[in-house]
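# Working through the structure, step by step
Chain by chain, the residues run as shown.
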Amino acid sequence: MNHSEIHIFDLLIIGAYLIAMVSVGLYFVRRVKNTGDYYVAGRTLGPLVLMATVCATIIGGSGLMGRAGVAYSSGFKAVLTAIPYLLGMLLFSAYSGRISDIGIQHNITSIPELFERRFGKAAKLILAAMVAFTMMGTVASQVTATATILKMLGGEIGISYELGACIACAVFIVYTATSGLFGVVYTDVLQFYMLILFVYILIPIASIIKVGGISNFTMNLDPSLVKPYINGDILGDIVTYLVFTMAGAEMWQRAFAAKNRKAAKKGMFLGTIVYGVTIGLVFFMGIVAHQIIGDDVLAQYGSTDATIPALAISVLPIGLTGLALAGIISVIMSTADSYLLVSVQTCVHDIGKSIRPDMKEKTEMRLSRGFAVVLSVGALIIALYIKNAYNILMFAWSFYAAAAGLPAFAALFWKKATKAGIIAGMLSGFVVCIGWKLAGLPFGLGATVPGAIACGIALVVVSLLTCKKHSSVFLDVQKNPAELAGE
């Protein structure tokens, strides 16, 4: 199949898809009447919409292209680092109803707001700064993945990695800045179905046919790719994923946006189950690529992130290739817009309104849309310097997981947690994690492990030393009687 033949058709299909996404964002502008609509979609999300947006968000460019690239280059590591995130999301699903209850009862729309209500403004601002940078770094990983695809398809007509990154940012900006969570969620629903049909069904089936069936695939499989192993680096990634889910601001936002606790729990659980199924499919696509496109993806495309797009080009006919690549871009976009919106909310609502409590709602809306542009440009700069989606993601998530994971869990459940304990935990986790990285990762151990340990010790010890006899009553949430009857 001729590459120039592919990119002309694919670019037309992808171009039409990007225009459609922008149109959806512009359509939902009229639904946004206040910041509650912009940040949590008016708390109107039911379980099926939540399922689609949760699944589309957690299977992003790093989760799809990045992890397939890890499977291609490092084999079973892709599975070992995915399972802890799955377990963490199942745990999060179990208590997402509690988050919804607290949000509704106390009119809270973000995790930094919860920290302010329990531990004061200082704790809120420290967490908010971490959230903003982490979310921007996660957006950067999605920009990198999108730019890799656009470069592959449009290289012959002058689309470089840099130009592809700029195009990706422009699209992210338009429909996230205009319509907020309404646009993000309802584009996620469309992207979810595109993802399942054109990526997770179409590409694996075509790949099996290409290699001559399951028996030929297993006979030619390199045993080293499926051999379980673990080292300090993998252990660090495992802890990062597991702890990150406790404080993942994008999922807390979804829980706050649910119309009630049952919708939150059901939607989170269903989305997580679908994600669990995709782990094996991503791993399969990463390792089957060796048999179909060979061992030179990195040399040919500059990044193992290109594994799945290269596989799609190799196994699918013209037209279906474009739809599959549009499906890949769709899941990248669904993650990018979610993290971008959280970053915007954190900067404007959580940090900005702490500095200017009298900020008018119209001003906050204008600033939110402005920051969607500013933060996207920041993500673009990161993406231009670190051109690997998985590496960017782990860079952004490691210190946040170490510093915020356990404090978030404590804020939700532990009545004896104090302001001093939470701040000590966050700062200890952050400092140890950064210090461990600067020291060159001693013993080959990922920085999140010592960071999370330091955070937990500081949080518990300082809280016990500073807690009063009467513990916080903030967590005594009253559930809706109608919901209690239905449980």
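Relevant structure appears above.
A few points on the structure. Quick caveat, the model's predicted, so the values are computed rather than measured.

### Overview of helix α12 (residues 261-293)
- For α12, which comprises 33 residues, the first-to-last C-alpha distance of 47 Å matches the rise-based estimate of 48 Å (1.5 Å per residue) to within 8%.
- Along α12, the helix axis deviates most sharply at Ile 287, where the bend reaches about 25°.
- Looking at the residues trailing α12, positive phi occurs at Gly 294, about 85°.

### Some points on the pattern of salt bridges
- Under the definition given, this model contains 2 salt bridges.
- Two residues, Arg 261 and Asp 101, come together in a salt bridge whose shortest N-O distance is 2.0 Å. Here Arg 261, found in helix α12, pairs with Asp 101, found in helix α5 (residues 77-106); they are 160 residues apart in sequence, far enough to count as distant. Each of the two residues, Arg 261 as well as Asp 101, counts as buried.

### Side note on unusual backbone geometry
- Although it is not a glycine, Asn 107 adopts a positive phi angle of roughly 55°.
- Residue position: Asn 107 is located in the loop between α5 and α6 (111-119).
- One non-glycine residue with positive phi stands out, namely Leu 441, at about 55°.

### A look at empty space enclosed by the protein
- Scanning all chains against the criterion turns up 4 cavities of 30 Å³ or more.
- There is about 50 Å³ of room inside the second largest cavity.
- Looking at the lining of the second largest cavity, the elements with two or more residues in it are α6, α11 (249-257) and α15 (320-355).
- For the lining of the second largest cavity, the class distribution of residues is 6 nonpolar, 5 polar and no charged.

Conventions we followed
- Residues numbered from 1 in each chain as written.
- Predicted model: local features only at pLDDT ≥ 70, side-chain atom pairs only at ≥ 80, totals over all residues.
- Heavy atoms only, no water.
- Helix = DSSP H or I, 4+ residues; strand = E, 2+ residues; numbered from the N terminus.
- Expected span 1.5 Å × (residues − 1).
- Bend = angle between axes of the 7 residues up to and from the residue.
- Salt bridge = Lys/Arg side-chain N within 4 Å of Asp/Glu carboxyl O.
- Buried < 20%, exposed > 50% of the residue type's maximum accessible area, 1.4 Å probe, protein only.
- 1 Å grid on protein atoms, 1.4 Å probe; cavity = no way out; pocket = protein on both sides within 12 Å on 5 of 7 lines; lining within 4 Å.
- Points joined across faces, edges and corners; volume = space filled by probe spheres on them.
- Nonpolar A, V, L, I, M, F, W, Y, C, P; charged D, E, K, R; others polar.

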